[in-house]
Amino acid sequence: MAALVVAGTVTVVPAQAVTYGTPTISLSAAYLSGAVGASGDPVVDVTVGQSGADASALTVSASASSKASVAGTGDVTVTGTGAVRRLAVAARGRGYTDLTVKVTGLGGKSATKTLSYAASAAVQNPADARYFTGASDSSAAVDVGGGYTVVADDESNVLRLYDRSRSAAPVRTWDFSSQLGVTKEVDIEGATLIGNTIYWTGSLGNNKDGEYKAPRNTVFTTTVSGSGSATQLAYGRSYKKLRDDLVAWDKANGNRYGFAAGTAAGEVPKQIDGFNVEGLEFAPGSTTTAYLGFRAPLAPAVPGGKALVVPVTNFDQVLSSGAKATFGAGIELDLGGLAIRDIRKNAANQYLILAGSWAADDNSDPYALYQWDGVAGHAPVKRADLPTTDPGGWEAVVDVPDLSVPGARVQLITDSGSADLYGDGTEAKDLTHAEWKKSRAAWFTLN
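Residues numbered from 1 in each chain as written. Predicted model: local features only at pLDDT ≥ 70, side-chain atom pairs only at ≥ 80, totals over all residues. Heavy atoms only, no water.

Going by an unreviewed UniProt entry, the protein chain carries the name DUF3616 domain-containing protein and comes from Streptomyces flavotricini.

Take a look at the structure:
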């Protein structure tokens, strides 16, 4: 009550009642992915408000509205006190569930939003695992400094920048399809950084149906500026005849590697005598000669079983001026019958080769890491066997540590496009929501 004095008379006036509006609530994402036992899964920001009330007076809660065996009410944590709260989920089991996120305001009013959540199965050493969401077919990665990496996807031409230490969506993305003059995927499979230039290569092979698709016969460059979360990429140049140059070179040298046969109509790339490039790195101490690492063919395919590296001796000119590619003698490496899935070196010219099967469906086949010095005739040495029980195949080496240091650790990324992440029989690449697509990055200690 308030007292009002008028001409010596005291009049009691009722205080005006406060009217509160209906609370508002919005989510930074409507779909969220996690993993059982994961450390630092992606989170969602919840923004709330109410007219007539301070945001700190509002209460945010979440409850399971469908399958509590995946994540129940007690598995959801909301932190923060202001207008923006942070919601995290600790997965209980594999599958899908809907969570109801509720804001309760003053005056007894409330509002809700639905968060659709998907959880993948537990993996080995979950503390060393991170999940890069937004795409599932990661195929090449380049460290750009400051704890960030640019990752390519072989199902699109989008390049994505991720924080290597976090499970999260990309910080930013780039799609250079228009500059490349393509509408279909380049099938990016290899990349390497020299100075401020990243070189990218398509697989150069036929598609999975044995059909020639011109965009796959593409190599291109991007220029890096900034570092860390401020990294920016600009399109450079491209070359679209490297496959043709390789076939012509092999023909001129007696068809030792069968490139003409491997690229023929109807030939699928992922077979022992197919044609499929998956690694790209420069030769020791060189900024002109690049190594192409082949997933197929093995060299020679029958008999044999050695992995193939072909040096492109003028790779810088191929990209800078469109010069026809020239080649050095093929390098054949004993990787225990495995092929090259990625190849990367450090500033000391220490190479790591990520080795895996040439086969198309190889998630249960062996993977291993080999150390090499990049010199033809020198044998690589196995440094680690990799687990094969986790969904997806190991596909990319982010960077190479000092391999002379005991206990050196390396981060690898999976191509999980063919994996059934959530137990419903759907391959990750076919999931409707980008937030549920993801690749796993994991740290491994070298023997």
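Having seen it, we continue.
Asks: Please clarify how the layout of surface pockets should be interpreted in this entry.
Replies: In this structure, the largest pocket occupies an estimated 840 Å³ of space. Along its surface, the largest pocket is lined by 35 residues, and Asp154, Glu155, Lys208, Lys270 and Lys429 are the ones closest to its centre. Mapped by element, the contributors of at least two residues to the lining of the largest pocket are strand E20 (276-282) and strand E28 (393-397). Class assignment for the residues of the lining of the largest pocket results in 6 nonpolar, 9 polar and 20 charged. Each pocket or cavity is described by its volume, and for the second largest pocket that value is around 330 Å³. Around the second largest pocket, the lining is made up of 20 residues, and of these Pro42, Val43, Thr133, Ala168 and Ala169 lie nearest the centre. Listed by contribution, the elements that provide at least two residues to the lining of the second largest pocket are strand E4 (31-35) and strand E5 (44-49). Broken down by element, the residue count for the lining of the second largest pocket peaks at 3 residues, all from E4. (1 Å grid on protein atoms, 1.4 Å probe; cavity = no way out; pocket = protein on both sides within 12 Å on 5 of 7 lines; lining within 4 Å. Points joined across faces, edges and corners; volume = space filled by probe spheres on them. Helix = DSSP H or I, 4+ residues; strand = E, 2+ residues; numbered from the N terminus. Nonpolar A, V, L, I, M, F, W, Y, C, P; charged D, E, K, R; others polar.)

Asks: I tried to follow the packing of aromatic side chains on my own but got confused; where do I start?
Replies: Where two aromatic rings form a pair, the distance of their centres and the angle of their planes describe that pair. Using the criterion set out here, one finds 21 aromatic pairs in the structure. Ring centres of tryptophan 249 and phenylalanine 259 lie 6.3 Å apart, and the angle between their planes is 40°; this geometry places the pair in the tilted category. One end of the pair, tryptophan 249, is in helix H2 (residues 242-252); the other, phenylalanine 259, is in helix H3 (residues 259-262), and 10 residues separate them in sequence. The residues tryptophan 249 and phenylalanine 259 share a single accessibility class, namely buried. An angle of 35° between the planes, with centres 6.3 Å apart, marks the rings of tyrosine 291 and tyrosine 351 as tilted. With tyrosine 291 in strand E21 (residues 290-296) and tyrosine 351 in strand E25 (residues 351-356), the pair connects residues that are 60 residues apart, well separated along the chain. For tyrosine 291, a relative accessible area of 6% corresponds to the buried category. The exposure class assigned to tyrosine 351 is buried, which follows from its relative accessible area of 0%. Among the aromatic residues, ring-to-ring pairing joins Trp249, Tyr257, Phe259, Phe275, Phe294 and Phe327 into one connected group. Over the ring of tyrosine 131 we find lysine 438, and its NZ or CZ is 4.4 Å from the ring centre. (Phe/Tyr/Trp six-rings, centres within 6.5 Å; stacked < 30°, edge-to-face > 60°. Buried < 20%, exposed > 50% of the residue type's maximum accessible area, 1.4 Å probe, protein only. Lys NZ or Arg CZ within 6 Å of the ring centre and 35° of its normal.)

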